[in-house]
Amino acid sequence: MFKKVTALLVTLCLCFSMNVGFTSAETISSEVFKDATALNFDSLEEMSESATMGVLKNQEEVKYYSIEMKRNGELYFTVQQNPNVEIGVTLYDANGEEYETYYADQGNEEEDIFGQGVAKGTYYVKVFVYHGTGETLPYKLDVLRMYYDQIEIERNNTLQTATPIKVGKDYLGYTDQKDTDDLYRFTTTKDGYLNLKGTFGNDSELNYRLLNAKGEVLEDWVLEEYDYYEMTSIFTKFLKSGTYYISVMQENGKYSNEQYIFETLFIDNKQFEKEANNSIKQANVISANSVYHGLLNQKTDKDFYKFNVAKNKTVAFNFKRLEDTAFKVKVLNSKGKVVKTFTTKVGDEAFVKIGSLNLAKGTYYLDVEYLQGYSEKVLYNFSLK
Ligand SMILES: [Ca+2]
Ligand SMILES: [Ca+2]
Ligand SMILES: [Ca+2]
């Protein structure tokens, strides 16, 4: 369902450097906003809605509305179709910079046309005839306003304007009409591993990339178009402490306002396997009551861990039930003889107990191996208790 873009890496690097600082949006004089009507929202709370009806005299007439965002958040636009013309909606910031323009098809339905994450501030909306002619053209515009922090802040098309994010949280964004990047900036204060998860696009391929502080591409992956709005693990990469960027872009889309959610996970070096750990001799030392992460690099990867049991006791083995991969987890004694083989099930990403063993005082090993499902660079985690 997804693929790595290695061949394109060099080309994309070049394209990217051209993209930096490039803002293709049209800007109009903010003079036109002076008579804008303030949209009336039904509440000042986290979620509010505004419903507006109006009539355009003919295809030339344009109406402007203003929206106040008291906090960062999301705006979502729905328009009643008109049987004779396509009704267009453009979102501008207070300086007259155009964010996006979408339109409702001709017809009689309500149509969701686009969403956008924006910073606190004043915004303007233009309602107009996108295509077609007619007189006395009624329209209805619904705007949903949601205040929350884990949202893309347009315009974030350049490294300088990237949306700051916190590692360990998920963020929602919408891809751009002009195929510009959505950029997010984060900083890690320690060396460690970063795992990125993201959703598939329903109508377009989504390109997720990791960039360093200079904007050079470190990881470049494309998730193919998929019918389910589902999250998947995209890559896991060792990073030195520093500033990095996540870039999200749509590719080959039928529709450009693709909604996505991504989530970063930072794993401390000490909690991550050290390859090569493919035999008892190379086993990584672990201890109870700590969560460890490893990467199944490919089907034949074996990851050995060594642990000590100080006195006779029952040890519980916990493992993440991954959506697409099941594992064999062998427990070996100090001589390398298999005491027990547990298997994990594919499933709901829950961290669950896969079994427990009464173990006598001594040294033991865990051997984590592939069982079935997806096998390329699969991040797993486990603990002993
Ligand atoms: Ca965007
Ligand atoms: Ca491994
Ligand atoms: Ca290994």
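Bear in mind the structure is a predicted one, so any value in this text is a computation, not a measurement.

A. Quick look at the overall build of the chain. Scanning the chain from terminus to terminus reveals 1 helix and 28 strands. Its C-alpha atoms give the chain principal-axis dimensions of roughly 85 × 40 × 35 Å.

B. Quick look at the environment of Gln-81. Within the element layout of this structure, Gln-81 appears in the loop between β5 (73-80) and β6 (86-93). Overall, the presence of 19 C-beta atoms within 10 Å leaves Gln-81 in the partly exposed class. Placed 170 residues apart in sequence, Gln-81 and Glu-251 show a C-alpha to C-alpha distance of 28 Å.

C. Region of interest: the nonpolar core. Membership of the largest hydrophobic core comes to 56 residues, with the highest contact counts inside it found for Val-79, Ile-87, Val-89, Ile-113, Tyr-184, Leu-196 and Tyr-245. Per-element tally for this core: the top contributor is strand β9 (residues 121-131), with 6 residues. Counting the residues that make up this core, at least three belong to each of domain 1 (30-147) and domain 2 (158-268). Residues in contact with Val-89, not counting those within four places in the same chain, are Phe-77, Val-79, Tyr-102, Ile-113, Val-125, Val-127 and Leu-141. Within the second largest apolar cluster, 21 residues are counted, among which are Leu-296, Phe-304, Phe-317 and Leu-332.

D. Unusual backbone geometry, seen in detail. Of note, the bond from Glu-154 into Arg-155 is cis; its omega dihedral lies within 30 degrees of zero at 0°. Counting through the fold element by element, Arg-155 comes out in the loop between β10 (135-147) and β11 (163-164). Cis peptide bonds are those with omega within 30 degrees of zero, and the linkage from Glu-275 to Ala-276 qualifies with 0°. Position of Ala-276 relative to the elements: it lies in the loop between β19 (259-268) and β20 (284-285). Positive phi, normally seen in glycine, also occurs at Thr-136, with a value near 50°. Tracing the backbone shows Thr-136 in strand β10. The class of Thr-136 is exposed, set by 9 C-beta atoms lying within 10 Å. Of note, the phi angle at Asn-289 is positive, near 65°, even though the residue is not glycine. Positionally, Asn-289 belongs in the loop between β20 and β21 (292-296). On the basis of neighbour count, Asn-289 is assigned to the exposed category, with 7 C-beta atoms found within 10 Å.

E. Focus on the confidence of the model for the chain. The predicted model of the chain averages 92 in pLDDT, with 94% of residues at 70 or higher. Within the model, the stretch residues 3-24 combines pLDDT values under 50 with 24 contacts to residues more than four positions away or in other chains.

F. Spatial organisation of the environment of Lys-345. Inspection of the secondary structure puts Lys-345 in the loop between β25 (338-343) and β26 (351-359). What makes Lys-345 partly exposed here is the crowd of 13 C-beta atoms within 10 Å. As a C-alpha pair, Lys-345 and Met-69 span 276 residues in sequence and 46 Å in three-dimensional space. Ignoring sequence-local partners within four residues, the contact set of Lys-345 consists of Arg-321 and Ala-326.

G. Spatial organisation of the sheet that holds strand β12 (residues 170-174). Reading across the sheet, the 4 strands line up as β12-β19-β14-β17 and stay open at both edges, with antiparallel pairing between neighbours. If you trace the sheet from one side to the other, it starts and ends with β12 and β17 (231-239), each paired once. The mean angle between the axes of side-by-side strands here comes to 25°, regardless of whether they run parallel or antiparallel.

H. Just the domain arrangement of the chain, in detail. Domain annotation of the chain identifies domain 1 (30-147), domain 2 (158-268) and domain 3 (273-384). Summarising the inter-unit geometry, the C-alpha centres of domain 1 and domain 3 are found 54 Å apart.

I. A look at the sheet that holds strand β28 (residues 378-384). Across the sheet, which stays open at both edges, the 4 strands sit in the order β21-β28-β23-β26 with antiparallel pairing between neighbours. Each edge of the open sheet is held by one strand with a lone partner, namely β21 and β26. Between one strand axis and the next, the sheet turns through 25° on average, direction left out of account. Of the strand pairs in this sheet, strand β23 (residues 313-320) and β28 are connected by 3 bridges, and their pairing is antiparallel. Following the sheet pairing, Phe-317 is matched in β28 by Leu-384.

J. View of the pairing of strand β14 (residues 192-199). Most of β14 is tucked away: 6 of the 8 residues are buried. Relative to β17, β14 is paired through 8 bridges, and the arrangement is antiparallel. Paired with Asn-195 across the bridge in β17 is Thr-236.

K. Representation of the pairing of β25. Pairing between strand β24 (residues 325-332) and β25: 5 bridges, direction antiparallel. Opposite Val-331, over in β25, you have Lys-340 as the bridge partner. Adjacent in sequence and paired antiparallel, β24 and β25 are bridged by 5 residues, among which Gly-336 carries a positive phi angle near 90°.

Criteria and thresholds
Residues numbered from 1 in each chain as written. Chains lettered and ligands numbered in written order. Predicted model: local features only at pLDDT ≥ 70, side-chain atom pairs only at ≥ 80, totals over all residues. Helix = DSSP H or I, 4+ residues; strand = E, 2+ residues; numbered from the N terminus. Buried ≥ 20, exposed ≤ 12 C-beta atoms within 10 Å, placed from the backbone. Core = buried A, V, L, I, M, F, W, Y, C linked by C-beta atoms within 7 Å. Domains from an automatic or database assignment. Contact = placed C-beta atoms within 7 Å. pLDDT = per-residue confidence, 0-100. Pairing = 2+ DSSP bridges. Axes fitted to C-alpha atoms, helices over the stretch in contact; angles between N-to-C directions.

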